[in-house]
Amino acid sequence: MVKVAIVGATGVVGSKMIEMFEQYEIAADELVLFSSPRSAGKEVQVQGRTYTVRELTEEATKEGFDYVIMSAGGGTSKQFAPLFEEGGAIVIDNSSQWRMHEDIDLIVPEINRPALDRRIIANPNCSTIQSVVALQPLKEKFGLKRVHYTTYQAVSGSGVGGLRDLEEGAKGEAPTTYPHPIHDNVLPHIDVFLEDGYTKEERKMIDETQKILSQPDLAVTATCVRVPVTNSHAVQINVTLDRDATVEEVREVFKGIPHIKLVDNPENNEYPTPLESTGKSEVFVGRIRKDESLDNTFHIWCTADNLLKGAAQNTVQILKMMMETESVQNG
Ligand code: 2RA
């Protein structure tokens, strides 16, 4: 008898999590959907059945859940994830609240496995996930010395508010989510500014890359930019390897990996784009070329669906992995 909850079930990522339940054939005997009071009472279809969304309360965390997946913001995760954990659940959380805690695992199933010091598992930031998926095979083959990210992030990363600002901005409406119009514009500003001048999004990319790749001394820097694209983030990765390689050797590393799609035929104008990666489960890489200004250094262009591999898909992959691991352990 496996009891699962989805917290934030009516949000942009929550809705994709529900789609992923079908795709990954999540076998829950009992499923409960939670939301904020505003969305409670809504009816939502999951795997062909209709569920009425409930308001999340502290009492509800004691209902004996085995697994809880959360995408409801840092404040909700801070309050409720430890309560679900106390109630015996494994909690997989999509907010940034727990990611950098020392005893919390930060997981991309293609790369690392949880140690489970705590029963809260963090899902990394969207732009980090696609970047580390692209970096992992390079790390294995050549070693990594330094990474410089520049991101081009879609408005769906800001949820309904970002989508609204792009859509209504095109009709001349003032923004309500971003500090400036995003229609016809580019904002070098994602999440809040920190004292050192970086944004929190840039800090997440730096810290989470080091943690997921288990390389705390890896030199990483980032500039994160919001662009007027509906969905799928693009990341320009400038990576310095431990040893030199040819462009062909680097391309070769990405071939035959099911979760990576190499699209790199510039002579035919073929390279990854956000439109192409939207709705796809893979991380796309291309435009691989040498950076002649530094030793052992390459440019790699990478796109991925930020709501799927960057959020809902990765979360549900972790859930599937945990359900399979626990069922093996329990015989
Ligand atoms: C963004 N990284 O794109 C965020 C989403 N979690 O704003």
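Residues numbered from 1 in each chain as written. Predicted model: local features only at pLDDT ≥ 70, side-chain atom pairs only at ≥ 80, totals over all residues.

(A) Fine view of the UniProt feature "domain: Semialdehyde dehydrogenase NAD-binding" (unreviewed entry) in the protein chain. The positions UniProt marks with the feature "domain: Semialdehyde dehydrogenase NAD-binding" (unreviewed entry) are residues 3-119. Taken end to end, residues 3-119 is 21% helix and 26% strand, and its first and last C-alpha atoms sit 16 Å apart. (UniProt positions renumbered as here; feature names shortened; annotations may be inferred. Helix = DSSP H or I, 4+ residues; strand = E, 2+ residues; numbered from the N terminus.)

(B) The arrangement of the sheet that holds strand S12 (residues 233-241) in detail. One open sheet holds the six strands; their spatial order is S11-S10-S12-S15-S14-S13, and the pairing between them is mixed. The open sheet has two free edges, formed respectively by strand S11 (219-226) and strand S13 (260-262), since each of these has just one partner strand. Each neighbouring strand pair of the sheet contributes to a mean axis angle of 20°, computed without reference to strand direction. By the bridge criterion, five bridges tie strand S14 (residues 283-290) to strand S15 (residues 297-304) in an arrangement that is antiparallel. Paired with Phe284 across the strands is Thr303, a residue of S15. Running over the sheet, helix H3 (residues 126-142) touches strand S10 (144-153), S11, S12, S13, S14 and S15 and is turned about 30° from S12. Sheet contacts for helix H6 (residues 247-254): S13, S14 and S15; angle to S14, the most-contacted strand, approximately 170°. (Pairing = 2+ DSSP bridges. Axes fitted to C-alpha atoms, helices over the stretch in contact; angles between N-to-C directions. Contact = placed C-beta atoms within 7 Å.)

(C) Geometry of the packing of H3 against helix H5 (residues 200-212). H5 packs onto H3 with a crossing angle of 45° between their chain directions and a minimal axis gap of 9 Å. As the angle between them shows, H3 and H5 are arranged oblique. For the element pair H3 and H5, the recorded crossing hand is right-handed. Each of Ser127, Thr128, Ser131 and Val132 in H3 lies in contact with H5, whose residues at this interface are Lys204, Met205, Glu208, Thr209 and Ile212. Across the contact of H3 with H5, the residue classes break down as three nonpolar, four polar and two charged. (Parallel < 35°, antiparallel > 145°, perpendicular 65-115°, else oblique. Left-handed = near helix turned anticlockwise from the far one by under 90°. Nonpolar A, V, L, I, M, F, W, Y, C, P; charged D, E, K, R; others polar.)

(D) Just the site of the ligand, in detail. Inspection of the region around the ligand gives Asn125, Cys126, Ser127, Gln153, Gly157, Ser158, Ile190, Glu201 and Asn306 as its neighbouring residues. The class makeup of the residues in the shell around the ligand is two nonpolar, six polar and one charged. (Near = placed C-beta within 6 Å.)

(E) Fine view of the nonpolar core. If you look at the biggest cluster of nonpolar residues, it comprises 83 residues, and the most contacted ones within it are Val68 and Cys302. Per element, the largest residue contribution to this core is eight residues, and it comes from H3. Among the domains, domain 1 (3-124 + 311-329) and domain 2 (127-306) are the pair contributing at least three residues each to this core. Residues contacting Cys302, with those up to four places away along its chain left out, are Gln130, Ser131, Ala134, Ala234, Val235, Ile237, Pro272, Val283, Phe284 and Val285. Val155, Leu166, Ile182 and Val229 belong to the second largest nonpolar core, which has five residues in total. (Core = buried A, V, L, I, M, F, W, Y, C linked by C-beta atoms within 7 Å. Buried ≥ 20, exposed ≤ 12 C-beta atoms within 10 Å, placed from the backbone. Domains from an automatic or database assignment.)

(F) Main features of H6. All of the buried residues along H6 are Val250, Val253 and Phe254. Taken around the axis of H6, the buried residues stretch over an arc of 100°, which confines them to a single face. Away from its buried face by more than 90 degrees, H6 exposes Glu248 and Glu249. At its buried positions, H6 is contacted by H3, S13, S14 and S15. One or two positions beyond H6, positive phi appears at Gly256, with a value near 80°. (Arc of directions from axis to C-beta.)

(G) Representation of the domain arrangement of the protein chain. The assigned domain composition of the protein chain is domain 1 (3-124 + 311-329) and domain 2 (127-306). The distance between the C-alpha centroids of domain 1 and domain 2 comes to 26 Å. Listed per partner, the contact involves 14 residues of domain 1 and 16 residues of domain 2. In terms of residues, the side of domain 1 that touches domain 2 owes the most to one element, helix H8 (residues 308-329), which gives three residues. Grouping the constituent residues of the side of domain 1 that touches domain 2 by class yields seven nonpolar, five polar and two charged.

(H) Highlighting the UniProt feature "active site" (unreviewed entry) in the protein chain. Using the residue numbers shown here, the UniProt feature "active site" (unreviewed entry) corresponds to Cys126 and His233. Considering the C-alpha atoms alone, the annotated residues occupy 108 residues of sequence yet fold into one spot, their largest mutual distance being 8.1 Å. Mapped onto the secondary structure, Cys126 falls in helix H3. Setting aside chain neighbours within four positions, we find Cys126 in contact with Gly157, His233, Asn306, Gly310 and Ala311. Along the chain, His233 turns up in strand S12. On the basis of neighbour count, His233 is assigned to the buried category, with 30 C-beta atoms found within 10 Å.

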